[in-house]
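The chain contents come next:
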Protein chains: 2
Amino acid sequence: MTDRHDLGAAFGRLTRAMVEAEEPILRRHDLEMWDYVLLSALESAAAPTQAELAATVRRDKTRIIPLLDSLEERRLLSRTPDPADRRNRIVALTDTGRAVLRDARAEIRRMEAGYLASIPAGERKVFLDVLDRLAAAAG
Amino acid sequence: MTDRHDLGAAFGRLTRAMVEAEEPILRRHDLEMWDYVLLSALESAAAPTQAELAATVRRDKTRIIPLLDSLEERRLLSRTPDPADRRNRIVALTDTGRAVLRDARAEIRRMEAGYLASIPAGERKVFLDVLDRLAAAAG
DNA sequence: TATTGTTATACTCTATAACTATA
DNA sequence: TATAGTTATAGAGTATAACAATA
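Residues numbered from 1 in each chain as written. Chains lettered and ligands numbered in written order. Predicted model: local features only at pLDDT ≥ 70, side-chain atom pairs only at ≥ 80, totals over all residues. Heavy atoms only, no water.

J.: Talk me through the overall build of chain A; I want residue IDs and the actual numbers.
T.: Tallying secondary structure elements over chain A gives six helices and two strands in all. Listing each helix as α and each strand as β along chain A from the N terminus yields α-α-α-α-β-β-α-α. Referenced to the eigenvectors of the C-alpha coordinate spread, the extents of chain A come out at roughly 55 × 30 × 25 Å. By the burial criterion, 40% of the 139 residues in chain A qualify as buried. Counting only carbon and sulfur atoms, one obtains 52% of the accessible surface of chain A, whose full area is about 7500 Å². (Helix = DSSP H or I, 4+ residues; strand = E, 2+ residues; numbered from the N terminus. Buried < 20%, exposed > 50% of the residue type's maximum accessible area, 1.4 Å probe, protein only. Areas by Shrake-Rupley, 256 points an atom, 1.4 Å probe, with all protein chains shown as cover.)

Dropping the structure here:
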């Protein structure tokens, strides 16, 4: 009940600020934001189907297809038919894709560190900790 | 360089979660999200021009016009020509608009409190404090 | 001539609905 | 018949450009 901003407004502003700050970094790596989101989603494990991948990044399955086309053409990921059910296509990072993702992310992490530099270390740790817990809960 | 999520991804998820959680509340008060954003922007002071109001909420001046039309028709705000320069229209909350804003915000604050209830009070305070500082810096 | 608010037009993005190939 | 992927169509949302009123 304090006089602070709405959470939604605060998160919204920070989302926009991060998107703007990431944009030039991603462009240096020839990635659109959604390319990066897709590559990130594939980092821990390959997606067994495109539909599942679409669900995890919360976009329609029809809308990631041009992105996958582009990423596959640039050899950042592979689409291989599932032998057990050839309707499915298993989407996985290539070594190149993993390297590009690692490099882009390293730059983004440096940008983020600069962005949070004015926050004292103790508070920053708590902030990032709570943020990650909330984000995980938000699915 | 830890294994945490990107800030952008974390903020993005939480933004979406808040928008979804606010949606039913706002609907109970017959407000769209952008209605609420506009009313909130007018809370501290009236906007001297529509263009300035559009800039503060980061939308095109042409796009807030239908929203202002609707809010004005419902007597939640007023548009009065500036006597000093009759091209300008001063946009201000009405008493009704202020009351609706207050009620909606109170409900949103309760929702937010529930959303953060699992975070220990000490961490929660730090989190909200840092969040508000970052959001303010993000403009 | 320049600017505010407004309206109209064009464009992009998103959602929905067909189509194919497998099962 | 049902489902994954794809393509095509329709609709919503957004940006740009023209217009009227005032300065």
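Next comes the rest of the description.
J.: Let's hear about the protein's contact with DNA strand C: which residues, and what values?
T.: Near DNA strand C, the surroundings consist of 17 residues, among which R63 and R87 of chain A together with Q50, A51 and N88 of chain B are the closest. Among all atoms of DNA strand C positioned within 4 Å of the protein, those belonging to sugar or phosphate total 70%. Q50 of chain B is positioned such that a nitrogen or oxygen atom in its side chain is 2.6 Å from a phosphate oxygen of DNA strand C. At 3.1 Å from a phosphate oxygen of DNA strand C is found a side-chain nitrogen or oxygen belonging to R89 of chain B. Looking at the surface near DNA strand C, the elements that each hand over two or more residues are β2 (85-93) of chain A together with α3 (50-56) and β2 (85-93) of chain B. Here the surface near DNA strand C is built from residues that sort into two nonpolar, five polar and ten charged. (Near = heavy atom within 4 Å. Polar contact = N/O pair within 3.5 Å; in protein donor to acceptor, adjacent residues only side chain to side chain. Nonpolar A, V, L, I, M, F, W, Y, C, P; charged D, E, K, R; others polar.)

J.: Please provide a residue-by-residue account of the protein's contact with DNA strand D, values included.
T.: Lining the immediate environment of DNA strand D, one finds 17 residues, of which Q50, A51 and N88 of chain A together with R63 and R86 of chain B sit closest. If you look at DNA strand D and keep only atoms within 4 Å of the protein, 69% of those are sugar or phosphate atoms. Separating a phosphate oxygen of DNA strand D from a side-chain N or O atom of R89 of chain A is a distance of 3.2 Å. At 3.1 Å, a side-chain N or O of R59 of chain B approaches a phosphate oxygen of DNA strand D. Counting residues per element, the ones that place at least two in the surface near DNA strand D are α3 (50-56) and β2 of chain A together with β2 of chain B. Here the surface near DNA strand D is built from residues that sort into two nonpolar, five polar and ten charged.

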